[in-house]
Amino acid sequence: MMVTDVHDQAIAARMALIVGADRFDRLFRAVRFDEVDGDILYVYARDEDTAAEMEDEFALHISIIASKILDREINVVLVLPWHLMKSER
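Analysis parameters
Residues numbered from 1 in each chain as written. Predicted model: local features only at pLDDT ≥ 70, side-chain atom pairs only at ≥ 80, totals over all residues. Heavy atoms only, no water. Buried < 20%, exposed > 50% of the residue type's maximum accessible area, 1.4 Å probe, protein only. Helix = DSSP H or I, 4+ residues; strand = E, 2+ residues; numbered from the N terminus. Pairing = 2+ DSSP bridges. Core = buried A, V, L, I, M, F, W, Y, C linked by side-chain atoms within 4.5 Å. Contact = heavy atoms within 4.5 Å. Expected span 1.5 Å × (residues − 1). Bend = angle between axes of the 7 residues up to and from the residue. Polar contact = N/O pair within 3.5 Å; in protein donor to acceptor, adjacent residues only side chain to side chain. Salt bridge = Lys/Arg side-chain N within 4 Å of Asp/Glu carboxyl O.

Participant: Just give me the short version of the pairing of strand S2 (residues 40–45), but keep the residues and values in it.
Facilitator: Within S2, 5 of the 6 residues are buried, leaving the element largely enclosed by the surrounding structure. Looking at chain direction, strand S1 (residues 32–37) and S2 are connected through 5 bridges and run antiparallel. Opposite Arg 32, over in S2, you have Tyr 44 as the bridge partner. Once S1 ends, the chain turns through 2 residues before running back antiparallel as S2, passing Gly 38 with a positive phi of about 70 degrees. Bridging between S2 and strand S3 (residues 76–81) involves 6 bridges; their strand directions are parallel. Each bridged residue has a counterpart across the sheet, and for Val 43 the counterpart in S3 is Val 79.

Structure follows, in structure tokens:
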């Protein structure tokens, strides 16, 4: 299931409330909550370092927020750099 633009923005907005403006701008500025495959949410960040930090520090927060917004269970959040994106939107 592809995540709609509205759902993508809703997840990003909720994450902004949690992490604050400065950290959001640094980590989530170019984020894309892209696709759900089973219980895995694929997220794309601008580079490998950002992806690693997002996954390490915020995967649990993202999974809880995404589960509520998408109305389906998200148990795994996989954050990858943009150059590994499967589909261009």
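Participant: Which residues make up the nonpolar core, and what values go with them?
Facilitator: Judged by nonpolar contacts, the single largest core of 26 residues is most densely connected at Met 15, Phe 28, Phe 33, Leu 41, Val 43, Met 54 and Ile 62. For this core, the secondary-structure elements that each account for two or more residues are helix H1 (5–19), helix H2 (21–27), S1, S2, helix H3 (48–70) and S3. No other element matches H3, which puts 9 residues into this core. Setting aside residues up to four positions removed in sequence, Phe 33 forms contacts with Val 3, Asp 8, Ile 11, Ala 12, Phe 28, Leu 41, Tyr 42, Val 43 and Ile 62.

Participant: Report on H3, specifying residues and quantitative values.
Facilitator: Between the first and last C-alpha of H3 there are merely 26 Å, a value that for 23 residues lags more than 12% behind the 33 Å anticipated at 1.5 Å per step. At Phe 58, H3 shows its maximal bend, which comes to roughly 75 degrees. Turning to H3, its buried residues are Thr 50, Ala 51, Met 54, Phe 58, Ala 59, Ile 62, Ser 63, Ile 65, Ala 66, Ser 67, Ile 69 and Leu 70. Elements in contact with the buried residues of H3: H1, H2, S1, S2 and S3. Sitting at the head of H3, Asp 47 places a side-chain oxygen 3.3 Å from the backbone nitrogen of Asp 49. The positive-phi residue at the C-terminal boundary of H3 is Asp 71, with phi of around 60 degrees.

Participant: I'd like to hear about the pattern of salt bridges, residue by residue, with values.
Facilitator: Under the counting rule described, the total for this entry stands at 7 salt bridges. Measuring nitrogen to oxygen at the nearest pair gives 2.2 Å for the salt bridge that ties Arg 23 to Glu 57. One end of the pair, Arg 23, is in helix H2; the other, Glu 57, is in helix H3, and 34 residues separate them in sequence. You can call Glu 57 partly exposed: its relative accessible area is 37%. Note that Glu 53 is salt-bridged to Arg 26, the shortest N-O span being 3.1 Å. Placement of the pair is Glu 53 in helix H3 and Arg 26 in helix H2, with a sequence separation of 27 residues. Under the relative-accessibility criterion, Glu 53 is labelled partly exposed at 22%. Overlapping salt bridges bring together Asp 5, Asp 8, Arg 32 and Asp 34 as one network.

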